[in-house]
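In case you want the letters, here they are:
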Amino acid sequence: IKKNNEFGNVVNGNIITVNTRNCIIQGEKKLIAAVGLEDMIVVDTEDATLICAKDSTADIKKVLENLKICNRDEYI
């Protein structure tokens, strides 16, 4: 269930936010405690965690390129 809170956060999963604004936080089983974040994206899955400033999402492609170069295809 995705929900926007009064601070502009969109959260899905076992999430607690403190002094956190305009973030997107997606988790699975583990608790994610976000403290003092602003304009961030956090995605936690069983085998990887992505933490990214909202204005840097285009650079996620560089992470994928780096994973390919390092033969880390299990994360792609």
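Whatever comes next refers back to the structure up there.
To keep things clear, this report deals only with the structure shown in the data block. (Residues numbered from 1 in each chain as written. Predicted model: local features only at pLDDT ≥ 70, side-chain atom pairs only at ≥ 80, totals over all residues. Heavy atoms only, no water.)

### Remarks on the environment of N4
Turning to step 1, where the next piece is worked out: Mapped onto the fold, N4 is located in strand β1 (residues 3-4).
Turning to step 2, where the next piece is worked out: In sequence terms N4 and I51 are 47 residues apart; their C-alpha atoms lie 19 Å from each other.
Turning to step 3, where the next piece is worked out: For N4, the residues in contact, after removing those within four places along its chain, are N9 and V10. (Helix = DSSP H or I, 4+ residues; strand = E, 2+ residues; numbered from the N terminus. Contact = heavy atoms within 4.5 Å.)

### Description of the environment of D55
Turning to step 1, where the next piece is worked out: Inspection of the secondary structure assignment puts D55 in the loop between β7 (49-53) and α1 (60-69).
Turning to step 2, where the next piece is worked out: The class of D55 is exposed, set by a relative accessible area of 71%.
Turning to step 3, where the next piece is worked out: Measuring from C-alpha to C-alpha, the distance between D55 and I15 comes to 22 Å, with 40 residues separating the pair along the chain.
Turning to step 4, where the next piece is worked out: Looking at D55, its side chain comes within polar contact range of the side chain of S56, at 3.4 Å. (Buried < 20%, exposed > 50% of the residue type's maximum accessible area, 1.4 Å probe, protein only. Polar contact = N/O pair within 3.5 Å; in protein donor to acceptor, adjacent residues only side chain to side chain.)

### Quick look at the environment of K54
Turning to step 1, where the next piece is worked out: In this structure, K54 sits in the loop between β7 and α1.
Turning to step 2, where the next piece is worked out: Residues in contact with K54, not counting those within four places in the same chain, are N22, C23, I24, D39, M40 and I41.
Turning to step 3, where the next piece is worked out: Here N22 takes part through its backbone oxygen, which lies 2.8 Å from a polar atom of the side chain of K54.

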